Amino acid sequence: MEHDKSKPITIVIVDDDQIDVRAITRALRKHRIDNPVDVAGNGVEAMDLLKGTNGVKPIAWPYIILLDLNMPKMNGLEFLEQVRNDESLHDTVIFVLTTSDDDRDKAKAYERHIAGYVVKSTVGKDFINLVSMIEKFVLTVSFQNK
């Protein structure tokens, strides 16, 4: 079964840098992507948001995640590991948007089945490409109901 296209896809930003969060949300608005946006400051907060734990109201399906790798408490790779090992979350669409240009981080992220990897320092053209990918996901990808 496909998700109801009238129900907007939420964009979840998992990043501890508030300046980056504002830049991402501004870029989404600039490209007329007006989907709901939720923010988590690290992997622990993101898991609470996805699962509705620790008194946090869970976000509704469908959603996609923009994930930073370098965060306190639970970093992005640890978060990816937990998501991929959780039966209710394992098929979540996740794009990595991070400062790490380390090939080992890229390999580890892709091993955990991410949809794309963008380095923040190349934010110009690559970021426009990321926003374009998100727009295509939002407009064309059919998500399975959970």
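What counts, and where the lines are drawn
- Residues numbered from 1 in each chain as written.
- Predicted model: local features only at pLDDT ≥ 70, side-chain atom pairs only at ≥ 80, totals over all residues.
- Heavy atoms only, no water.
- Helix = DSSP H or I, 4+ residues; strand = E, 2+ residues; numbered from the N terminus.
- Buried < 20%, exposed > 50% of the residue type's maximum accessible area, 1.4 Å probe, protein only.
- Contact = heavy atoms within 4.5 Å.
- Areas by Shrake-Rupley, 256 points an atom, 1.4 Å probe, with all protein chains shown as cover.
- Pairing = 2+ DSSP bridges.
- Right-handed = clockwise from strand over helix to strand, strands pointing away.
- Core = buried A, V, L, I, M, F, W, Y, C linked by side-chain atoms within 4.5 Å.
- Polar contact = N/O pair within 3.5 Å; in protein donor to acceptor, adjacent residues only side chain to side chain.
- Axes fitted to C-alpha atoms, helices over the stretch in contact; angles between N-to-C directions.

Thoughts on the overall build of the protein
And then number 1: Counting secondary structure elements, the protein contains five helices and five strands.
And then number 2: Across the 146 residues in the protein, those meeting the buried criterion constitute 47%.
And then number 3: Within the protein, counting contacts between residues at least 6 apart in sequence, those at least 24 apart form 67% of the total.
And then number 4: About 7900 Å² of surface is accessible on the protein, with carbon and sulfur atoms providing 51% of the total.

Considerations on unusual backbone geometry
Where the residue is not glycine, phi is negative for most of them; where a peptide bond is considered, it is trans in most cases.
And then number 1: W61 connects to P62 through a cis peptide bond whose omega is 5°.
And then number 2: The phi angle at N54 is positive, at roughly 55°, despite the residue not being glycine.
And then number 3: Relative to the helices and strands, N54 resides in the loop between α2 (43-51) and β3 (63-67).
And then number 4: The phi angle at H113 is positive, at roughly 60°, despite the residue not being glycine.
And then number 5: Within the secondary structure layout, H113 lies in the loop between α4 (103-111) and β5 (116-119).
And then number 6: For H113, a relative accessible area of 60% translates into the label exposed.

Regarding the pairing of β5
And then number 1: Burial along β5 is two-sided: the residues G116 and V118 and Y117 and V119 are all buried.
And then number 2: Bridging between strand β4 (residues 93-98) and β5 involves four bridges; their strand directions are parallel. Bridging across to β5, F95 finds its partner in G116.
And then number 3: Remark: the β4/α4/β5 crossover connection has right-handed handedness.

A closer look at the nonpolar core
And then number 1: Of all hydrophobic cores here, the largest spans 26 residues; its most connected members are V14, L50, Y63, I65, L67, F79 and L80.
And then number 2: Of all the secondary structure elements, the ones that give two or more residues to this core are β1 (10-14), α2, β3, α3 (76-84), β4 and β5.
And then number 3: When near neighbours in sequence (up to four residues on either side) are disregarded, L67 contacts V14, G76, F79, L80, I94, F95, V96 and L97.

Quick word on α4
And then number 1: Where α4 begins, the side chain of D102 points an oxygen toward the backbone nitrogen of R104, at a separation of 2.7 Å.
And then number 2: Backbone geometry just after α4 places H113 at a positive phi near 60°.

Concerning the sheet that holds β1
And then number 1: Across the sheet, which stays open at both edges, the five strands sit in the order β2-β1-β3-β4-β5 with parallel pairing between neighbours. Each having just a single partner strand, β2 (37-40) and β5 make up the two edges of the open sheet. Ignoring strand direction, the axes of neighbouring strands in this sheet form an average angle of 20°.
And then number 2: Relative to β4, β3 runs parallel, the two sharing four bridges. Along β4, the bridge assignment pairs L67 with V96.

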